[in-house]
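Spelled out from the first residue to the last, the chains are:
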Amino acid sequence: AQTVTQSQPEMSVQEAETVTLSCTYDTSESDYYLFWYKQPPSRQMILVIRQEAYKQQNATENRFSVNFQKAAKSFSLKISDSQLGDAAMYFCAYRRLGNQFYFGTGTSLTVIP
Amino acid sequence: DAGVTQSPTHLIKTRGQQVTLRCSPKSGHDTVSWYQQALGQGPQFIFQYYEEEERQRGNFPDRFSGHQFPNYSSELNVNALLLGDSALYLCASSLFGTEKNIQYFGAGTRLSVL
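Residues numbered from 1 in each chain as written. Chains lettered and ligands numbered in written order. Predicted model: local features only at pLDDT ≥ 70, side-chain atom pairs only at ≥ 80, totals over all residues. Heavy atoms only, no water.

Engineer: Describe the packing of aromatic side chains, listing the residues and the values that go with them.
Structural biologist: All told, the structure shown has 20 aromatic pairs over all chains when counted by the stated rule. Arranged with centres 4.8 Å apart and planes meeting at 35 degrees, the rings of Phe35 of chain A and Phe101 of chain A form a pair that is tilted. Of this pair, Phe35 of chain A sits in strand β5 (residues 32–39) while Phe101 of chain A sits in strand β11 (residues 101–103), placing them 66 residues apart in sequence. With respect to class, Phe35 of chain A is no different from Phe101 of chain A; both count as buried. Between Tyr50 of chain B and Phe96 of chain B the ring centres are 3.9 Å apart and the planes differ by 10 degrees, which places this aromatic pair in the stacked class. With a gap of 46 residues between them, Tyr50 of chain B in strand β5 (residues 44–50) and Phe96 of chain B in the loop between β9 (87–94) and β10 (104–105) connect regions that are remote in the sequence. For Phe96 of chain B, a relative accessible area of 39% corresponds to the partly exposed category. Among the aromatic residues, ring-to-ring pairing joins Tyr33, Phe35, Tyr37, Phe101 and Phe103 of chain A together with Tyr35, Phe45 and Phe105 of chain B into one connected group. (Phe/Tyr/Trp six-rings, centres within 6.5 Å; stacked < 30°, edge-to-face > 60°. Helix = DSSP H or I, 4+ residues; strand = E, 2+ residues; numbered from the N terminus. Buried < 20%, exposed > 50% of the residue type's maximum accessible area, 1.4 Å probe, protein only.)

Engineer: Can you tell me about the interface of chain B and chain A, naming the residues and giving the values?
Structural biologist: Of the residues lining the interface, 28 residues belong to chain B; the matching set on chain A comes to 20 residues. For the pair chain B and chain A, the summed buried surface comes to about 1900 Å²; carbon and sulfur atoms form 44% of the total. Inspection of the region where chain B meets chain A yields 0 salt bridges. Inspection of the chain B/chain A interface yields 6 residue pairs in polar contact (both at pLDDT 80 or more). Put simply, the parts of the chain that give the side of chain B that touches chain A at least two residues each are β4 (31–37), β5, β9 and β11 (109–113) of chain B. When residues of the side of chain B that touches chain A are assigned to their parent elements, the largest contribution, 4 residues, is made by β4 of chain B. (Contact = heavy atoms within 4.5 Å. Buried area = accessible area lost by both parts, 1.4 Å probe. Salt bridge = Lys/Arg side-chain N within 4 Å of Asp/Glu carboxyl O. Polar contact = N/O pair within 3.5 Å; in protein donor to acceptor, adjacent residues only side chain to side chain.)

Engineer: Explain the sheet that holds strand β7 (residues 64–68) of chain B to me, using residue names and the numbers behind them.
Structural biologist: Residue and element names in this part refer to chain B. Strand order in this open sheet of 4 strands is β1-β3-β8-β7, and the pairing throughout is antiparallel. Strands at the two margins of the open sheet, each flanked by one partner only, are β1 (5–7) and β7. Ignoring which end each strand starts from, the neighbouring axes of this sheet average 20 degrees apart. (Pairing = 2+ DSSP bridges. Axes fitted to C-alpha atoms, helices over the stretch in contact; angles between N-to-C directions.)

Engineer: Can you break down the state of the cysteines residue by residue, with the values?
Structural biologist: Within the structure shown, the criterion is met by 2 disulfides over all chains. Here Cys23 of chain A engages in a disulfide with Cys92 of chain A; their sulfurs sit 2.0 Å apart. Between Cys23 of chain A and Cys92 of chain A the disulfide shows an S-S torsion of about -70 degrees. By sign, it is left-handed. With Cys23 of chain A in the loop between β3 (19–21) and β4 (24–26) and Cys92 of chain A in strand β10 (residues 88–96), this residue pair connects regions lying 69 residues apart in the sequence. Across the pair, Cys92 of chain A and Cys23 of chain A agree in class, each one buried. One disulfide in the model links Cys23 of chain B with Cys91 of chain B; its S-S distance is 1.8 Å. (Disulfide = S-S within 2.5 Å.)

Engineer: Would you mind going over the side chain of Arg43 of chain A in detail, with residue names and values included?
Structural biologist: Along the chain, Arg43 of chain A turns up in the loop between β5 and β6 (46–52). Buried charged residue Arg43 of chain A carries no salt bridge. Nearest counter-charge: Asp85 of chain B, at 17 Å. At 3.0 Å, the side chain of Arg43 of chain A forms a polar contact with the backbone oxygen of Ala107 of chain B. Excluding anything up to four places from it in sequence, Arg43 of chain A contacts Thr9, His10, Leu88, Leu90, Ala107, Gly108, Thr109 and Arg110 of chain B. (Lys, Arg positive; Asp, Glu negative; His and termini not counted.)

Engineer: Residue-level account of unusual backbone geometry, with values.
Structural biologist: Residues and elements named next belong to chain B. Here the bond from Ser7 into Pro8 is cis, since omega is -10 degrees, no more than 30 degrees from zero. Although it is not a glycine, Tyr72 sits at a positive phi angle of roughly 80 degrees. Within the secondary structure, Tyr72 is located in the loop between β7 and β8 (74–78). Assessed through its relative accessible area of 40%, Tyr72 is described here as partly exposed.

These figures come from the coordinates and say nothing about function on their own.
This is the structure we're talking about:
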């Protein structure tokens, strides 16, 4: 079965600084998608960024970017110029073909003013 | 454009009871997936509905069942509630078969079993 591991239960970053959240996954498939979702205290999961496994180029969305290392099965999220509104739980997710998602256990990000 | 809506937001039940949670997908979406998120954990896939049929199922017992209606809305039913069923239940909708296939989540229903 596919597994997603987030080894950092908690992280903190100074406002305006950069932080990287780690994620590794285990799969035998070659075609899949990876996601980072943000879950603020309001509980609603919000998509942050998405990466297709067949694309070598790392995805970027404004201040958010990923470092996708397919051979190493690693998918880290970098948040630049951190803002107070970035404080939330961040979940890494893997989607196999057929739409079933597997989530990691999450990293709680604190942004220090 | 309404996003994914879930009702109720909170629910308290006692062991052995039955519960029904409801979900309306984002406009234009036809697929609904349900997840259970225990405290301090990531969401766990329960099952997915498309064309009013259960298409995929995670590792959950038969006490968990669902339904999808012709308007794509969905219900999650849990019978014979256990204390361990206390969790946040998330509904996610998507458009079946599209390459991007991004899931949009609702705010969830917090179920407490006493």
